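Structural description and commentary
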Amino acid sequence: MKLTSLSIAIATSIMLSGCGSDSDSTPDQEFGTFTLGVSDNPADANIVNIAFKQVVLKNSEGSVSFDVSVGEDGLQHVDLLSVQGQNVETLVSGQSVAVGEYQMCIYMQNNEISDTDSSYVLSGAAKDDSGEYVGGVVEGLVTNSNGSCGGEGADEDNTGRLFFNKAFTIAAGNNAFVAEFNLSKGLQAPHGNKQYWTLKPTSVQLVNNAEVGAIAGQISPETMATCEANAGGSEFSSAVYLYPSDTALDDMADFRSGANVLTQVAPITSARVNPIEDAEGTNLGYGYEFGFVVADTYSLGYTCLAQNDDPELSNVSEPQDDTLPFFIDSAEQDVTVVIDETTTRHFPESFVPSDS
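Residues numbered from 1 in each chain as written. Predicted model: local features only at pLDDT ≥ 70, side-chain atom pairs only at ≥ 80, totals over all residues. Heavy atoms only, no water.

Notes on the layout of surface pockets
The computed volume of the largest pocket comes to approximately 820 Å³. Taken together, 28 residues form the lining of the largest pocket, with Lys-127, Tyr-133, Arg-272, Asn-274 and Pro-275 sitting closest to its centre. Elements with a minimum of two residues in the lining of the largest pocket: β9 (126-127), α2 (221-231) and β20 (274-277). Per element, the largest residue contribution to the lining of the largest pocket is three residues, and it comes from β20. Class assignment for the residues of the lining of the largest pocket results in eleven nonpolar, nine polar and eight charged. (1 Å grid on protein atoms, 1.4 Å probe; cavity = no way out; pocket = protein on both sides within 12 Å on 5 of 7 lines; lining within 4 Å. Points joined across faces, edges and corners; volume = space filled by probe spheres on them. Helix = DSSP H or I, 4+ residues; strand = E, 2+ residues; numbered from the N terminus. Nonpolar A, V, L, I, M, F, W, Y, C, P; charged D, E, K, R; others polar.)

Written out as structure tokens, the structure is:
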């Protein structure tokens with residue numbers, strides 16, 4: 001099976017139908033159709049291209065493998081930053097799978113060199129008048145997890161594995177899942193003697209589309225200017241962070257690998273703030289979007305220093321070491337997500353965008 005489209009989170013849509021039987025026969029095994037795509041919350045890079053190889057579902061009965069290649073190179077290339085918010089591209093579509101409980105592996109091609117024919121990251125580039133990236137640095141991208149879930153080619157050289165340890169159920173009826181990458185939490189820039197980027201396997205999660213909604217909004221110019229004035233300097237990267245309900249502004253922490261202290265609360269995920277332009281390229285404002293959020297109530301935090309949030313370090317507003325400053329400058333509370341709906345919340349809530 002070969003498909004042509006992908007996105008920044010990995011979306012899985014599963015549609016199931018059961019087969020009946022009469023009382024005098026052995027029940028037929030039920031099957032459902034399986035569809036998988038990709039989607040992402042972005043990191044501070046220009047392109048994050050993953051060269052996908054295959055998707056494997058496994059359980060106690062064995063495994064089933066889906067070839068996701070679309071070209072002669074046997075790969076499907078997806079720039080995760082090209083599909084933000086609710087945009088999802090498909091890796092696997094309409095495949096028959098027996099109902100039951102599964103775990104999932106996604107195999108990608110690891111690449112440690114500057115090669116755009118494989119997995120890679122482009123950073124430090126700028127767009128020209130035609131919207132194409134120019135300049136910047138191309139470096140390889142790997143995931144540091146390997147091993148096999150079965151399937152063809154799992155043990156080939158330069159194969160990385162993204163393993164979803166949490167089991168999920170394919171049930172009779174319609175099922176839809178999204179595997180969403182959180183690059184802000186799990187994408188690590190080259191460091192030490194590594195001249196390539198690393199994608200942590202823990203940076204991707206599978207969510208049930210029947211349990212999620214979305215959050216979107218715009219950032220007022222005053223909110224952005226206030227943050228930049230408080231931060232000082234001249235380099236800014238805006239993002240909105242998603243926190244559990246009732247997280248106070250002062251308790252909103254950064255992404256970090258270690259434990260938080262006192263009342264600090266780690267973010268669930270984050271979304272890049274992007275310019276909003278009309279057909280002529282005129283800037284209309286700045287907006288953000290979380291595409292796949294489990295229905296619940298949340299807090300939101302805005303920062304203009306997202307580029308300083310290193311998931312390997314503890315970043316604070318007034319660092320006493322060589323780390324860069326990071327803080328959440330403003331917050332919104334009581335943001336309620338409803339299944340299959342988009343909740344609008346601007347910064348501040350009273351802000352009326354010019355295009356409204």
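Details of the sheet that holds strand β17 (residues 212-218)
The strand order across the open sheet built from four strands is β20-β21-β17-β24, with neighbouring strands paired in mixed fashion. Unpaired on one side and paired on the other, β20 and β24 (342-344) mark the two borders of the sheet. Each adjacent strand pair in this sheet contributes to an overall mean axis angle of 35°, direction not counted. Direction of pairing for β17 relative to strand β21 (residues 283-294): antiparallel, over a ladder of six bridges. Across the sheet, the residue bridging to Ile-215 is Phe-290, located in β21. (Pairing = 2+ DSSP bridges. Axes fitted to C-alpha atoms, helices over the stretch in contact; angles between N-to-C directions.)

Looking at the environment of Phe-327
Positionally, Phe-327 belongs in the loop between β22 (297-303) and β23 (330-336). On a C-alpha basis, the gap between Phe-327 and Asp-309 in space is 8.9 Å, while along the polypeptide they are 18 residues apart. Non-local contacts of Phe-327, meaning those with residues more than four positions away in its chain, are made with Cys-227, Asn-230, Ala-231, Thr-303, Leu-305 and Ser-317. (Contact = heavy atoms within 4.5 Å.)

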